[in-house]
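Residues per chain, in single letters:
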Amino acid sequence: MAEKTKLTQYGYKKLEDELNNLIHVVSEEVKVQLAEARAQGDLSENADYDAARNKQAEVEARIKEIEEILNNCEIISEGGKNKNKVSLGSTVTIKFLNNGKEDTYMLVGTVEADPFNKKISIACPLGEAILGKAVGDVIDIKVEKPYKVEILKLENI
């Protein structure tokens, strides 16, 4: 059996919202676009029709993908059992010891990862390395150019 996708409650809700939008808003818009393109006549050389069909395929594929994730996921309790350890759903402030910079990240499952918004996956090198660690721990991040981080602050909900 395939491993379940781990999601925070927030991530689950976000996917549910996206699914509802795709089904009730975007799909309806695509249906209108298809009807308008069909009304133009000859479909064999109708770029609008081809574009609408492609959009319809993309929307249907994403709906299927989200449904699969939601039907085969495990919602994790944010913060886990031990409030003093980094776990899925933790918000962690770390200091990069090579340059002294500090940054704050939320640890999420792979589906929710969004590095530009400071949400890192438990499967990325940094996320994997700090998982299970505590404030004050210094951790080696084993990547092509290794570096060290120190956990300064930990928030578990």
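Residues numbered from 1 in each chain as written. Predicted model: local features only at pLDDT ≥ 70, side-chain atom pairs only at ≥ 80, totals over all residues. Heavy atoms only, no water.

(A) Up close: the pattern of salt bridges. Scanning the entire structure with this criterion turns up 7 salt bridges. R62 is the salt-bridge partner of E18, the closest N and O atoms lying 2.8 Å from each other. Within this pair, whereas E18 is found in helix α1 (residues 9–38), its partner R62 is found in helix α2 (residues 47–71), the two being separated by 44 residues in sequence. The salt bridge involving K31 is made with E28; its shortest N-O contact spans 3.4 Å. With K31 and E28 both in helix α1 and 3 residues apart, this pair spans about one turn of that helix. The exposure class assigned to E28 is partly exposed, which follows from its relative accessible area of 37%. Connected through salt bridges with shared partners, the residues E18, R62 and E65 form a single ionic network. (Salt bridge = Lys/Arg side-chain N within 4 Å of Asp/Glu carboxyl O. Helix = DSSP H or I, 4+ residues; strand = E, 2+ residues; numbered from the N terminus. Buried < 20%, exposed > 50% of the residue type's maximum accessible area, 1.4 Å probe, protein only.)

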